[in-house]
Amino acid sequence: MENKERVPFKYRFNRTILIRALVLTVIFGFAMFIPLAMKLYDISIQSHDELEQRALDQQTRSYAITPGRGSIYDRNGVALAMSASVETVCVSPRDVTEEKEAVIADGLSSLLGVNREIIVEKMAKKNRANEKIKEQVEKETADKVREFINDNKLTNMVFLEPASKRYYPNGSLASNILGFVGVENSGLMGLEAVYNKTLSGTPGRTVTARTADGVPLPEQYEMYYDAQEGQNLILTIDETIQHFVEKHLETAVIENKIAKRGCVIAMDPNTGAILAMATKGDFDLNEPFSIADDEVRNALGMLPDEEYSQALSEAQQSQWRNKAINDTYEPGSVFKVFTAAMALEENSFNPESKRFVCDGSVHVGGHTIRCHKAGGHGSQTFLESLLHSCNPAFIAIGNAVGPENFYKYMKAFGFMDATGIDLQGEAKGIVSSYEAYAADASAQAVYSFGQTFKVTPIQMVTALSSLANGGYLMKPHLISEVTDSEGRTVEKAEATVVRQVVSSETSATMRAYMEQCVLQGTGSNAYVKGYRVAGKTGTSQKRDIPDASEKGLYVVSFGGFAPADNPQIAVLVMLDEPGLERSQRMGGYMAAPVAGKIIADVLPHLGVAPQYTEAEAMTVDVTVPFVMNAAINDAKRTAEQAGLKVRIVGEGASVTDQLPVAGVFVPANTEMILYTAGAEKPADTVIVPSVIGETPEKANEILTNAGVFMRPIGAQTLAGTSALKAAWQESAGEEVPFGTVIQVEFRKTDVRDE
Ligand SMILES: [Zn+2]
């Protein structure tokens, strides 16, 4: 209705004026409209396709606002994986002018180390506005690119976008569990992959409408979606314990010439929290695609081109594999502790009075099963059968449990299911179906001593923990907490009991029995002075490989915990295919010392103080005091109070020099030498002789005669035995100052546990 309202008279134009105005408008307007009309013709008809693409690219150019990827910390807040800011160097080909093409190709190629041809190819995609030339460029290089852009007036043609890069400050530490990310910052392996969503957060987005020239339209055309920052993972892993574990495992893998890698899991047996988990050989998380093993890398280099990429990919997969959860192995004699626990729990016999006779072999279901001791162990108690690791005795013990019960306990201890640990690709263990097991007359006999079925290392350490903690099978886990970007707790993991497998009484008995396995049995080499270590050794042939026995293909292992009366750590050590000769190829010789060294390092770290027996106190390590310049009598008293004997050289009234030097550890009762005026400490150096293979007494004699002190470590039997031999020492063949303290590790050599 309004439109039809008559315009009031007073606003009507004078007709003449109106006509003039119209004429002028037409003339000027049209003249001005010509270039615009031509441009419109060009845009809408001639360059239609190209411009439509440009419009899509440009008029709503959207920016992803990448949230920071969360960090991964150990249980004490030590960063294991973190992201740092980097930049991506891009070109906008549609903005690159012809005269600048060569400048850009040359400049970026030399600054970024990118092939010039690749840059030229990317710049040729003239309808594009954003071609990535190089990602993850660090600040130093990015600053040079900025300078290059300014100097050559390349704004809009070359630009930088913010991005982030993942760093692993400890290199290879915990590589098989942390995993790594791809260039797009998406987790590819390990925890980075399992918790990718938690760590990566949700990207925010700003969508901006732009003119065809790429100029942003005013803000009201912009839409912003909030980014959700990535959350942090706090692991149950203790970085220090992980270091201890990796150090000792790596040494064992090298020393024992392990062909198929080895692994260790350290768990809090009371909660199922993983304190450390390692596989060696491993890889550098900052260079995950490079082959870390020199031999493997060199072998790859020799391959013809057509075989190379396949072989490289296999080598990468194999170094990334987490042996502790992805691989299965025959547990061998370590499994005997479960057979023993079943018998105790089922009251299958009186464990105090029942005797088991071994005459060297036993016939079951048409097979002859031999004991590792030729001629047999004779009559043994239940505990002795375990200490001897006697197969015929364990067949009888398994029989007493009964096949049906035995199988039920195999399941209850978790050997038939994945543990559900928060990592990818957990294997399940390989146990016969009940039907196949029941139909085979010898199946249970062989299962009783841990053969013909396979378990994973994580299943084994979890089951061992149940014997340690009062009978509870715990769910193993690696994440203790998830926090947001402000550090506030979002989620907290709690210890999860899967089920109670045995009673607290059975658990207590097994703790005591397993301690005896270390004190008097095949586990001696896991002994640690001052700490009560419990555990069992195992050596198993790789039966599923043809001629495994002839080829010497074995797996050696040790599983245990400490302290035996109040376990704080459970440890499983597994070494796959040791290369040493048969007499040394034993879990008791190779794997037990690894566990012992780990426990010796970890318990003090966990605040568990050593408690020495009277006998241990006699040889416990003491710290050499500083007595230089002291009066002779004062120095003598100080040294004796520290637990050392004293020898005085010279006639002076005060100490001018001392050996060993202050601060080093030596066994109590070591003779300290005090030099006085007129008696010079020998200034010479000495060559440390090798004592490998010698008894402790002989080794001490050799080293003392050479002018150095010996500090024995490793297995020590209270009753003394000729089977104790030096297996490792410091500085053999090296030149050291007179009076240096040399560590020598002794191992029991008669630890047969096949
Ligand atoms: Zn026997």
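The structure contained in this document is the topic of the report that follows. Note that this is a predicted model, so its numbers are computed, not measured.

### A look at the overall build of the chain
Thought 1: Counting its secondary structure elements, the chain contains 26 helices and 31 strands.
Thought 2: Expressed as a percentage of contacts within the chain between residues at least 6 apart in sequence, the contacts between residues at least 24 apart total 73%.
Thought 3: Within the structure as shown, the chain displays about 36,400 Å² of accessible surface, and the carbon and sulfur contribution to it stands at 52%.

### Some details on the sheet that holds strand β31 (residues 741-748)
Thought 1: Overall, mixed pairing links the 3 strands, which are arranged β28-β31-β29 in an open sheet. With one partner strand each, in any of the chains shown, β28 (709-714) and β29 (724-729) form the two edges of the open sheet. When the angles between neighbouring strand axes are averaged without regard to direction, this sheet yields 40°.
Thought 2: Note that β28 and β31 share 6 bridges and pair parallel. Note on β31: the bridge partner recorded for Phe709 is Val741.

### Details of the environment of Leu249
Thought 1: For Leu249, the location among the structural elements is in helix α9 (residues 239-255).
Thought 2: Distance in space between the C-alpha atoms of Leu249 and Val594 is 6.6 Å, their sequence separation being 345 residues.
Thought 3: If we skip the residues at most four places from it in the chain, Leu249 touches Gly262, Cys263, Val264, Ala278, Thr279, Lys280, Leu575 and Val594.

### Considering the coordination of the zinc ion
Thought 1: Looking at the zinc ion, one finds its protein donor set to be Cys358 (SG), Cys371 (SG), His377 (ND1) and Cys390 (SG), positioned 2.1 to 2.4 Å from the metal centre.
Thought 2: Each of the 4 donor atoms around the zinc ion contributes to a set of angles spanning 95 to 125°, which defines the coordination as tetrahedral.
Thought 3: In the primary sequence, the donor residues of the zinc ion line up as C-x12-C-x5-H-x12-C. Remark: Cys390 occurs in the loop between α14 (382-388) and α15 (391-401) and Cys371 occurs in the loop between β13 (367-370) and β14 (378-381); sequence separation between them is 19 residues.
Thought 4: Given the relative accessible area of 8%, Cys371 is considered buried.

### A closer look at the pairing of strand β21 (residues 569-576)
Thought 1: Counting buried residues in β21 gives 8 out of 8 residues, a clear majority hidden from the surface.
Thought 2: Covered by surrounding structure in β21 are Ile569, Val571, Val573 and Leu575 together with Ala570, Leu572, Met574 and Asp576, the residues of both alternating faces.
Thought 3: By the bridge criterion, 6 bridges tie strand β9 (residues 262-267) to β21 in an arrangement that is antiparallel. Paired with Met267 across the two strands is Ala570, which belongs to β21.
Thought 4: By the bridge criterion, 8 bridges tie strand β20 (residues 554-562) to β21 in an arrangement that is antiparallel. Looking at the pairing, Val555 lines up with Asp576 of β21.
Thought 5: If you look at the hairpin formed by β20 and β21, you'll find 6 residues sitting between the two strands.

### A look at the packing of helix α13 (residues 336-345) against helix α20 (residues 504-519)
Working note: a packed helix pair is described by the angle between its axes plus the distance between those axes.
Thought 1: Between α13 and α20, the shortest axis-to-axis distance is 10 Å and the interhelical angle comes to 140°. Comparing their axes, α20 and α13 come out oblique. Where α13 crosses over α20, the handedness of that crossing is right-handed. Note on element contacts: α20 touches α13 through Thr506, Thr509, Met510 and Met514, opposite Val337, Ala340, Ala341, Leu344 and Glu345.
Thought 2: Among the residues forming the contact of α13 with α20, the class breakdown is 6 nonpolar, 2 polar and 1 charged.

### A few points about the side chain of Asp268
Thought 1: Considering the arrangement of structural elements, one finds Asp268 in the loop between β9 and β10 (274-280).
Thought 2: Arg75 is the oppositely charged side chain nearest to the buried, salt-bridge-free Asp268, at an N-O distance of 5.6 Å.
Thought 3: Setting aside anything within four residues of it in sequence, one finds Asp268 in contact with Ala273, Leu275 and Gln568.

### Quick look at the pattern of salt bridges
Thought 1: A complete count under the given rule lists 40 salt bridges for this structure.
Thought 2: Between Glu577 and Lys260 there is a salt bridge; the shortest N-O distance is 3.4 Å. Here Glu577, found in the loop between β21 and α22 (587-590), pairs with Lys260, found in the loop between α9 and β9; they are 317 residues apart in sequence, far enough to count as distant.
Thought 3: Classification of Glu577 by relative accessible area gives buried; the value is 9%.
Thought 4: Its relative accessible area of 43% is what places Lys260 among the partly exposed residues.
Thought 5: Residues Glu640 and Lys636 are paired through a salt bridge, measuring 3.3 Å at the closest nitrogen-oxygen approach.

### Some words on helix α26 (residues 696-706)
Thought 1: Taken together, the buried positions of α26 are occupied by Pro696, Ala699 and Leu703. All buried residues of α26 project into a common sector of 65° when viewed along the axis, lining one side. Turned more than 90 degrees off the buried face of α26, the exposed positions are Glu697 and Asn705.
Thought 2: The inward-facing, buried residues of α26 contact β28, β29 and β31.

### Comments concerning the packing of aromatic side chains
The geometry of two aromatic rings is summed up by the distance between their centres and the angle between their planes.
Thought 1: Under the definition given, this model contains 20 aromatic pairs.
Thought 2: Look at Tyr407 and Tyr437: their rings are 4.8 Å apart centre to centre, the planes differ by 45°, and that puts the pair in the tilted class. Note that Tyr407 is positioned in helix α16 (residues 403-412) and Tyr437 in helix α17 (residues 434-439), a separation of 30 residues in sequence. One exposure class covers both Tyr407 and Tyr437, and it is buried.
Thought 3: Between the NZ or CZ atom of Lys354 and the centre of the ring of Phe356, over which it lies, the distance is 5.7 Å.

### Regarding the nonpolar core
Thought 1: Ranked by internal contacts, the top residues of the largest apolar core, which has 87 residues, are Met277, Phe338, Phe413 and Met510.
Thought 2: Each residue touching Met277, except ones within four places of it in the same chain, is listed here: Ile177, Ile237, Gln242, Val264, Ile265, Asn322, Ala324, Ile325, Ile421, Leu423 and Ile458.
Thought 3: Core analysis: the next-biggest nonpolar cluster, separate from the first, contains 39 residues, Val253, Ala562, Val571 and Leu603 among them.

### Some thoughts on the side chain of Asp282
Thought 1: In this structure, Asp282 sits in the loop between β10 and α10 (294-301).
Thought 2: Among the polar contacts made by the side chain of Asp282, one reaches the side chain of Lys280 at a distance of 3.1 Å.
Thought 3: The residues touching Asp282, leaving out its near neighbours within four places in the chain, are Ser172, Ser175, Asn176, Glu246, Ala292 and Gln319.

### A few points about the sheet that holds strand β19 (residues 534-541)
Thought 1: If you trace the 5 strands from one edge of the open sheet to the other, you get β10-β9-β21-β20-β19, paired in antiparallel fashion. Each of the sheet's edge strands pairs with one partner strand only, and the pair in question is β10 and β19. In this sheet, adjacent strand axes meet at a mean angle of 5° when their direction is disregarded.
Thought 2: Here α9 sits on the sheet and contacts β9, β10 and β21; the angle it forms with β10, its principal contact strand, is near 30°.
Thought 3: Against the sheet, helix α23 (residues 592-605) engages β9, β19, β20 and β21, with an angle of about 145° to β21.

Rules used throughout
- Residues numbered from 1 in each chain as written.
- Predicted model: local features only at pLDDT ≥ 70, side-chain atom pairs only at ≥ 80, totals over all residues.
- Heavy atoms only, no water.
- Helix = DSSP H or I, 4+ residues; strand = E, 2+ residues; numbered from the N terminus.
- Contact = heavy atoms within 4.5 Å.
- Areas by Shrake-Rupley, 256 points an atom, 1.4 Å probe, with all protein chains shown as cover.
- Pairing = 2+ DSSP bridges.
- Axes fitted to C-alpha atoms, helices over the stretch in contact; angles between N-to-C directions.
- Donors = N, O, S within 2.8 Å, 3.2 Å for Na, K, Ca; no water.
- Tetrahedral: all angles 85-135°; square planar, octahedral: opposite > 155°, others 65-115°.
- Buried < 20%, exposed > 50% of the residue type's maximum accessible area, 1.4 Å probe, protein only.
- Parallel < 35°, antiparallel > 145°, perpendicular 65-115°, else oblique.
- Left-handed = near helix turned anticlockwise from the far one by under 90°.
- Nonpolar A, V, L, I, M, F, W, Y, C, P; charged D, E, K, R; others polar.
- Lys, Arg positive; Asp, Glu negative; His and termini not counted.
- Salt bridge = Lys/Arg side-chain N within 4 Å of Asp/Glu carboxyl O.
- Arc of directions from axis to C-beta.
- Phe/Tyr/Trp six-rings, centres within 6.5 Å; stacked < 30°, edge-to-face > 60°.
- Lys NZ or Arg CZ within 6 Å of the ring centre and 35° of its normal.
- Core = buried A, V, L, I, M, F, W, Y, C linked by side-chain atoms within 4.5 Å.
- Polar contact = N/O pair within 3.5 Å; in protein donor to acceptor, adjacent residues only side chain to side chain.

What is shown is where atoms sit, not what they do.
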